[in-house]
Amino acid sequence: MSIGAGTATATRGARSEARHFAGWSFDPTDGRLARGRVEVYLRPKTAGVLRTLVDAAGEVVAKRDLLEAVWGTSATGDDVLAVCVNELRRILGDDSRHPRFIATAHRRGYRFVAAVSEAPSARGSVGRLLLGREPESAELRRWWAEVHAGRRIVGFVAGESGVGRTSLVRAFADEVQAGGDAYVGVGRCVGHRAGGEPYSPFLDALDAVCRGPGGRRARDVLWQHAPTWLLLLPGLLDDDEAVRLRDRAGAPEDGRFERMLREFSDALAELANAAPVLLVFDDLHAGDTATVGLIASLAAGGAGDRVLVLATYRDPDGPAGARIASVVRDLEWHGAARVMTLAAFDESAVRAYLTYRLGGMPDPETVAEFAERSRGNPLELARLLDHRAR
Ligand SMILES: Nc1ncnc2c1ncn2[C@@H]1O[C@H](COP(=O)(O)OP(=O)(O)O)[C@@H](O)[C@H]1O
Ligand SMILES: [Mg+2]
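The paragraphs below set out a description of the structure included in this document. These numbers come from a predicted model, not from an experiment. (Residues numbered from 1 in each chain as written. Chains lettered and ligands numbered in written order. Predicted model: local features only at pLDDT ≥ 70, side-chain atom pairs only at ≥ 80, totals over all residues. Heavy atoms only, no water.)

Focus on unusual backbone geometry
A positive phi angle, near 65°, is found at Asp 283, a position not held by glycine. Turning to its location among the elements, Asp 283 is positioned in the loop between β10 (277–282) and α12 (289–300). (Helix = DSSP H or I, 4+ residues; strand = E, 2+ residues; numbered from the N terminus.)

Pasting the structure below:
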């Protein structure tokens, strides 16, 4: 595969499954790079660089093409690219003189040299760890059962930073995906100021749905009912189809947002007719207004179709958290949404986590000390352990 003009739009057009190389697993949808007990969430641009390189493994990708694929037209020089490559090398433990992952092609670009697979078998070894969340997982399964029976549910998972919102909803999405009888799409909000276009998390989720099981049919549904959306997913169209679809959709008009809302709800109803739909939006406090508005309208117009929309947000957390929290409170007040607030780990979850990380049961004093110092926050707990290991 070469990264030419046709695939420069591949920031979204690329495949959305996890990639595996040399014991690492990389999930481009959320930038999660993991190996054994190491887990890092890459910055979006760094994740974009890795995704582009990995997808062209074995071939040199020109700097210009990398910049265009990841930064679009906004990149000013290739310093930003060098920063990302250095960051990746540091995380992967790579050496530019004897590269095992990213080789520099002098004056030309970079080449990913490790063998890449998408084999799900490699995935089990680095599957998501989810400790101490049985009640919350059970609650999500109950919501899903209701959805199966013909409801639309919009649910929010709130909690402080690092408490485990992403871990919970992604483990649930993996579980539903493994069930094989649903459309599943995950999108992450990465901050409007970071160059997010309106509806960007929805576009990511739709892209994932169209690339997952039954994706061909999902794409046909978009073609039929939501051409404006499909046109924003160029990776799903060849040039010929894009021209035909543009003809059919007509020129962008005033009221584009209303049209997109209408198209989306038509397409969603059609999809849900074929199979239950799970859409997950992580970090909604960082979402653009169009995304927040669409989720609110899905909640308010809760018709009886088989759709579960799950969104996480940070609460409490400054103005961004407050903005979304008030939207959520309003929906909850009107009975249009459900809210689950994730609490910190209790002592038994802290013990389970320590047992896992230390490879053996810790004594009660250690558990108490870690529980107190981390306040039961899993991210804090992980940091304390990393610190101790150094
Ligand atoms: N239930 C859990 N079991 C094991 N590890 C967890 C759990 N919840 C969170 N973690 C770990 O804590 C860190 C932060 O979790 P994350 O889900 O990203 O939090 P949030 O999305 O709420 O900020 C991650 O490294 C994750 O692996
Ligand atoms: Mg998170």
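Read on for the rest.
Description of the packing of aromatic side chains
Per the stated rule, a full pass over the model turns up 12 aromatic pairs. Aromatic side chains Phe 202 and Phe 281 sit 4.3 Å apart centroid to centroid with 40° between the ring planes, which places their arrangement in the tilted category. Residue Phe 202 is located in helix α7 (residues 200–211), and its partner Phe 281 is located in strand β10; the two are separated by 79 residues in the primary sequence. With respect to class, Phe 202 is no different from Phe 281; both count as buried. Through a chain of ring-to-ring contacts, three or more aromatic side chains come together here, namely Tyr 199, Phe 202, Trp 229, Phe 257, Phe 264 and Phe 281. (Phe/Tyr/Trp six-rings, centres within 6.5 Å; stacked < 30°, edge-to-face > 60°. Buried < 20%, exposed > 50% of the residue type's maximum accessible area, 1.4 Å probe, protein only.)

Considering the site of ligand 1
By nearness alone, 17 residues border ligand 1, and Leu 131, Gly 162, Arg 165, Thr 166 and Ser 167 come closest of all. Between ligand 1 and Gly 164, the relevant distance is 2.9 Å, taken from an oxygen atom to a main-chain nitrogen or oxygen of the residue. In the environment of ligand 1, an oxygen atom lies 2.7 Å from a nitrogen or oxygen atom belonging to the side chain of Thr 166. Notes on ligand 1: free accessible area 550 Å², of which the protein chains cover 89%. At the level of elements, α6 (165–179) and α16 (378–389) are the ones that each hand at least two residues to the shell around ligand 1. (Near = heavy atom within 4 Å. Polar contact = N/O pair within 3.5 Å; in protein donor to acceptor, adjacent residues only side chain to side chain. Areas by Shrake-Rupley, 256 points an atom, 1.4 Å probe, with all protein chains shown as cover.)

Regarding the sheet that holds strand β3 (residues 32–35)
Strand order in this open sheet of four strands is β1-β2-β3-β4, and the pairing throughout is antiparallel. The sheet is open, and its two edges are formed by β1 (19–21) and β4 (38–41), each paired on a single side. The average angle at which neighbouring strand axes cross in this sheet is 15°, direction not considered. (Pairing = 2+ DSSP bridges. Axes fitted to C-alpha atoms, helices over the stretch in contact; angles between N-to-C directions.)

Quick look at the nonpolar core
Counting residues in each nonpolar core, the largest one holds 52 residues, and the members touching the most others are Phe 156, Phe 202, Trp 229, Phe 264, Leu 284 and Ile 295. Sort the elements by how many residues they give to this core and α12 lands first, with seven residues. Excluding residues within four positions of it along the chain, Ile 295 makes contact with Val 154, Phe 156, Phe 202, Phe 281, Leu 284, Val 309 and Ala 311. In terms of nonpolar packing, the next biggest core, distinct from the first, is built from 28 residues, Val 61, Leu 67, Ile 102 and Tyr 110 among them. (Core = buried A, V, L, I, M, F, W, Y, C linked by side-chain atoms within 4.5 Å. Contact = heavy atoms within 4.5 Å.)

A word on the packing of helix α2 (residues 44–55) against helix α4 (residues 79–92)
It is at 9 Å that the axes of α2 and α4 come closest, and there the two elements cross at 80°. Between α2 and α4, the crossing angle belongs to the class labelled roughly perpendicular. From α2, Lys 45, Thr 46, Val 49 and Leu 50 reach across to α4, where they touch Leu 81, Cys 84, Val 85, Glu 87 and Leu 88. Here the residues of the contact of α2 with α4 are counted per class, giving six nonpolar, one polar and two charged. (Parallel < 35°, antiparallel > 145°, perpendicular 65-115°, else oblique. Nonpolar A, V, L, I, M, F, W, Y, C, P; charged D, E, K, R; others polar.)

Some points on the packing of α7 against helix α8 (residues 215–225)
For the pair α7 and α8, the least separation of the axes is 6 Å and the interaxial angle reads 130°. When the axis of α7 is compared with that of α8, the two are oblique. Facing α7, whose interface residues are Leu 206, Val 209, Cys 210 and Arg 211, α8 presents Gly 215, Arg 216, Ala 218, Arg 219 and Leu 222. For the contact of α7 with α8, the per-class residue count stands at five nonpolar, one polar and three charged.

Points about the pairing of strand β8 (residues 152–159)
In summary, the side chains of a regular strand alternate between the two faces of the sheet. Of all eight residues making up β8, eight are buried, and the element is well covered by its neighbours. Where burial is concerned, the two faces of β8 agree: the one with Arg 152, Val 154, Phe 156 and Ala 158 and the one with Ile 153, Gly 155, Val 157 and Gly 159 are both buried. Pairing between β8 and strand β11 (residues 307–314): eight bridges, direction parallel. Bridging from a neighbouring strand, Arg 152 pairs with Val 307 of β11. With four bridges joining them, β8 and strand β12 (residues 338–341) adopt parallel strand pairing. The residue of β12 that forms the bridge with Ala 158 is Thr 341.

Focus: the sheet that holds strand β5 (residues 60–62)
In spatial order, the strands read β5-β7-β6; together these three strands make up an open sheet with antiparallel pairing. In this open sheet, the two edge strands, each paired with only one partner strand, are β5 and β6 (102–105). Sheet twist, expressed as the mean angle between neighbouring strand axes with direction ignored, is 30°. For β6 and strand β7 (residues 109–112), the ladder comprises four bridges, and the chain directions are antiparallel. Pairing of Thr 104 across the sheet is with Tyr 110, part of β7. Against the sheet, helix α3 (residues 63–71) makes contact with β5 and β7, and its axis sits at roughly 70° relative to β5, the strand it touches most. This element, α4, spans β6 and β7 of the sheet and lies at about 145° to β6.

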